[in-house]
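# Descriptive analysis of the structure
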Amino acid sequence: MPGSEAEKPISSPSGGYSGGAFFRQDRTFGTLTVNSSGLHYQGDPESVYFPLRGLVLEAGGANDQTLFFTHPDFADRTLFTTDTRILKEPAFTGHAGLEPMIRRIEKARVR
């Protein structure tokens, strides 16, 4: 089953990336980690796993400094981080669906 613990060997830096999540009207803070099949958020009290397939990445907030992750299978949840190192994750840079989104964000940051 996608998102099972067995599919989540962590490739992220030790401790992952500080971030948060919007669940309906609530905002929580926690840690984002990335592996070869998806993005995992662990916060208190929520935990969610977004598969890479279908993952949408956008920059927003003040000066586009926040990275937002959404997924059509989890329409009521949005994950976010300001740690741009996450864009260099091998699972992201090697994923055909995410590469154009990453290039667009990086190009906009250069301006």
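Everything in this summary refers to the structure shown in the same document. The shown structure was predicted, so the numbers you read here are calculated from the model rather than taken from an experiment.

## Side note on the overall build of the protein chain
Assigned secondary structure in the protein chain consists of two helices and seven strands. Beginning at the N terminus, the succession of helices and strands in the protein chain can be written as β-β-β-β-β-β-β-α-α. Put simply, of all contacts in the protein chain between residues at least 6 apart along the chain, 41% involve residues at least 24 apart. Summed over all atoms, the accessible surface of the protein chain reaches about 6,400 Å², with 51% contributed by carbon and sulfur.

## Description of the nonpolar core
Formed by 23 residues in total, the largest nonpolar core has its most connected members in Leu-39, Leu-57, Phe-69, Leu-79, Ile-86 and Phe-92. Of all the elements in the fold, those that place two or more residues in this core are strand 1 (17–23), strand 2 (26–35), strand 3 (38–43), strand 4 (47–51), strand 6 (66–70), helix 1 (90–93) and helix 2 (99–110). Excluding anything up to four places from it in sequence, Leu-39 contacts Leu-32, Thr-33, Val-34, Val-48, Tyr-49, Phe-50, Leu-55, Phe-69, Leu-79, Ile-86 and Phe-92.

## Quick word on the packing of aromatic side chains
Aromatic ring pairs are described here by two measures, namely the spacing of the ring centres and the angle between the planes. This structure, assessed with the given rule, holds six aromatic pairs. A ring pair is formed by Phe-29 and Phe-80, whose centres lie 6.1 Å apart and whose planes are at 90°; its orientation type is edge-to-face. Here Phe-29 is found in strand 2, whereas its partner Phe-80 is found in strand 7 (residues 77–81), with 51 residues between them in sequence. We classify Phe-29 as exposed; its relative accessible area is 54%. An aromatic cluster is present here, built from Phe-22, Phe-29, Phe-68 and Phe-80 joined pairwise through their rings.

## Here's the deal with the side chain of Glu-89
Locating Glu-89 in the fold gives a position in the loop between strand 7 and helix 1. Buried charged residue Glu-89 carries no salt bridge. Nearest counter-charge: Arg-85, at 8.3 Å. Separated by 2.5 Å, the side chains of Glu-89 and Tyr-17 make a polar contact.

So, how was this worked out
Residues numbered from 1 in each chain as written. Predicted model: local features only at pLDDT ≥ 70, side-chain atom pairs only at ≥ 80, totals over all residues. Heavy atoms only, no water. Helix = DSSP H or I, 4+ residues; strand = E, 2+ residues; numbered from the N terminus. Contact = heavy atoms within 4.5 Å. Areas by Shrake-Rupley, 256 points an atom, 1.4 Å probe, with all protein chains shown as cover. Core = buried A, V, L, I, M, F, W, Y, C linked by side-chain atoms within 4.5 Å. Buried < 20%, exposed > 50% of the residue type's maximum accessible area, 1.4 Å probe, protein only. Phe/Tyr/Trp six-rings, centres within 6.5 Å; stacked < 30°, edge-to-face > 60°. Lys, Arg positive; Asp, Glu negative; His and termini not counted. Salt bridge = Lys/Arg side-chain N within 4 Å of Asp/Glu carboxyl O. Polar contact = N/O pair within 3.5 Å; in protein donor to acceptor, adjacent residues only side chain to side chain.

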